[in-house]
Amino acid sequence: RAGETAGILDDILKRLAMQQEKSSSIRKKIKSAMSYPMVLLFITIIAFFGLMLFVIPQIGKIILDLGGPDAKLPMLTQVMLGISGFMVNFWYIVLPAFGGGVMALLRYIKTPQGKVVFHKVVLKVPAVGGIIKKVAVARMARTYSSLIGAGVPVVEALSVTSRAIGNTVYETHLTEAIERVKNGEQLSTVVAENKVLYPSILAQMLAVGEETGQTDTVLIKVADFYEEEVDVAIDGISSIIEPVMIVLMGSMVGLIAASVMGPIASIS
């Protein structure tokens, strides 16, 4: 609409294409970084159920055969055998309940209320929250810059940008900012007040852009900077996730091994 009105449709479509390509690139990198830990998490869950349903019951039987019915087992072993016994006896309840719980959680996240809760929680997760904020700031800066540079009015540009960020927390804040901008406040002032969602550099650059009339040019620099930051952060968290998941899987196996070896050593 803005391109047709101003007679610069070709320039606006180039801006739009560039913005879409950048957003798609960031999305692909995040999905690529998350694929490996998701596979490891799936394997860990399968291994846990496999050990509890098939391995622990057999080992528990051996321990009881060796020690007799009056054998005093360590607390850790009793807990493991109790969990395993419950899962073996009620597997037809545990497995559907687990699957149903996961499906219910995914469905809840897709609802408007669930999406708000999920986005709030994600922003508070260590390491991951920082990356999400950088992605949101980069997307906001590039989208708003493209719209302002194309001659779209500030209020409409903010409205479109709020929906393009992909995070309901940022969308709500920008929607509230629209009303304040309508009342004559500068966007840089509104952004500067929320130090949790926005870095100080964004407010400072917005203020410079508003004073010089080059908001689109200034925000492109901000978007480039934070997209580069996202690339570095994703590479960093990708290298950390692998050892963390290995430690978690090792801890699970080690816990089960300790619950088994303790009573065997005591019986010996």
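Provided above is the structure to which this section pertains.
Here the residue numbering is sequential within each chain, running from 1 through the sequence in written order. Local features in a predicted model are, by the rule used here, given only for residues with pLDDT of at least 70; side-chain atom pairs are given and counted only at 80 or more, and totals for whole chains, interfaces and linings are based on all residues. With hydrogens and water stripped out, all remaining heavy atoms of the structure feed into the side-chain values.

1. A short note on helix H8 (residues 168-182)
Okay, step 1: When the terminal C-alpha atoms of H8 are compared, their 21 Å separation across 15 residues agrees well with the 21 Å that a helix rising 1.5 Å per residue should span.
Okay, step 2: A simple rule labels every residue: compare its accessible area, found with a 1.4 Å probe on the protein chains alone, to the largest value its type can have, and call it buried under 20%, exposed over 50%, or partly exposed in between. Comment: elements are numbered from the N terminus, with helices defined as DSSP H or I runs of at least four residues and strands as E runs of at least two. Among all positions of H8, only Thr168, Val169, Tyr170, His173, Leu174, Ala177, Ile178 and Val181 are buried.
Okay, step 3: Here a polar contact means two N or O atoms within 3.5 Å. Within protein one must be a hydrogen donor candidate and the other an acceptor candidate, and residues neighboring in sequence count only if both atoms are side-chain atoms. N-cap assignment for H8: the residue whose side-chain oxygen lies 2.9 Å from the backbone N of Val169 is Asn167.
Okay, step 4: At the exit of H8 stands Gly184, carrying a positive phi of roughly 105°. By this rule the span expected of a helix is its residue count minus one, scaled by 1.5 Å.

2. Focus: the packing of aromatic side chains
Okay, step 1: Each Phe, Tyr or Trp ring, with Trp reduced to its six-membered ring, pairs with another whose centre is within 6.5 Å; inter-plane angles below 30 degrees give stacked pairs, above 60 give edge-to-face pairs, and intermediate values give tilted ones. For the structure shown, the criterion picks out 7 aromatic pairs.
Okay, step 2: Centroid distance Phe49 to Phe98: 5.3 Å. Interplanar angle 65°. Geometry classified as edge-to-face. You can see Phe49 sitting in helix H2 (residues 9-67) and its partner Phe98 sitting in helix H4 (residues 91-110), a full 49 residues away along the chain.
Okay, step 3: Ring geometry for Trp91 versus Tyr92: centroids 6.0 Å apart, planes at 85°, classification edge-to-face.
Okay, step 4: The exposure class of Trp91 is partly exposed, given its relative accessible area of 48%.
Okay, step 5: Chaining the aromatic ring pairs together yields one cluster made of Phe86, Phe90, Trp91 and Tyr92.

3. Topic: a nonpolar patch on the surface
Okay, step 1: Among the surface-exposed residues, Phe86, Phe90, Trp91, Tyr92, Ile93 and Leu95 lie close enough to one another that they form a single nonpolar patch of about 630 Å² accessible area.
Okay, step 2: It is H4 that provides the largest number of residues to the nonpolar patch, a total of 4 residues. Here a patch means residues that are over 30% exposed by relative accessible area and free of salt bridges, tied together within 9 Å if like-charged and within 5 Å if nonpolar (Val, Leu, Ile, Met, Phe, Trp, Tyr). For accessible areas, the Shrake-Rupley method is used with a probe of radius 1.4 Å. Any residue's cover is judged against the shown protein chains and nothing else. The term salt bridge refers to a pairing of a side-chain nitrogen on Lys or Arg with a carboxyl oxygen on Asp or Glu at a separation within 4 Å.

4. Re the nonpolar core
Okay, step 1: Tyr170, Leu187, Val191, Tyr198 and Leu202 are the most contacted members of the largest nonpolar core, which totals 32 residues.
Okay, step 2: At 7 residues, helix H6 (residues 128-149) tops the list of elements feeding residues into this core.
Okay, step 3: Any two residues whose heavy atoms approach within 4.5 Å at even a single point are treated as in contact. Other than its neighbours up to four places away in sequence, Tyr170 contacts Leu123, Lys133, Ala136, Val137, Ile165, Leu197 and Tyr198. By nonpolar core is meant a set of buried Ala, Val, Leu, Ile, Met, Phe, Trp, Tyr and Cys residues that side-chain atoms within 4.5 Å join together.

5. Quick look at the side chain of Glu227
Okay, step 1: The topology assignment puts Glu227 in helix H11 (residues 215-267).
Okay, step 2: Accessibility expressed as a relative area gives 9% for Glu227, which makes it buried.
Okay, step 3: At 2.8 Å, the side chain of Glu227 forms a polar contact with the side chain of Arg142.
Okay, step 4: Those residues within four positions of Glu227 in sequence are excluded, and the remaining contacts are Lys22, Ile26, Ala138 and Arg142.

6. Details of the packing of helix H3 (residues 75-89) against H4
Okay, step 1: A fitted line through C-alpha atoms represents every axis, and for helices the fit uses only the stretch in contact; the resulting angles, taken between N-to-C directions, go from 0 to 180 degrees. Running from N to C, H3 and H4 cross one another at 90°; their axes reach a closest spacing of 5 Å. Relative to H4, the element H3 is oriented roughly perpendicular. Of the residues in H4, those touching H3 at Phe86, Met87, Val88 and Asn89 are Trp91, Tyr92 and Val94. In what follows, roughly perpendicular refers to angles from 65 to 115 degrees, roughly parallel to angles under 35, roughly antiparallel to angles over 145, and oblique to any angle outside these ranges.

7. Focus: the environment of Ser251
Okay, step 1: When you line up the elements, Ser251 lands in helix H11.
Okay, step 2: Put simply, Ser251 and Tyr144 are 107 residues apart on the chain and 47 Å apart in space, counted from C-alpha to C-alpha.
Okay, step 3: At 2.7 Å, the side chain of Ser251 forms a polar contact with the backbone oxygen of Val247.

8. Notes on the packing of helix H7 (residues 154-164) against H8
Okay, step 1: At a minimum axis distance of 8 Å, the contact between H7 and H8 shows a crossing angle of 170°. Here H8 runs roughly antiparallel to H7, going by the angle between their axes. Two secondary-structure elements touch here, H7 through Val154, Val155, Leu158, Ser159, Thr161, Ser162 and Arg163 and H8 through Glu171, Leu174, Thr175, Ile178, Val181 and Lys182.
Okay, step 2: Gly is placed with the polar residues, together with every amino acid not listed as nonpolar (Ala, Val, Leu, Ile, Met, Phe, Trp, Tyr, Cys and Pro) or charged (Asp, Glu, Lys and Arg). Its residues placed into classes, the contact of H7 with H8 shows 6 nonpolar, 4 polar and 3 charged.

Functional significance is not addressed by these values, which are geometric in nature.
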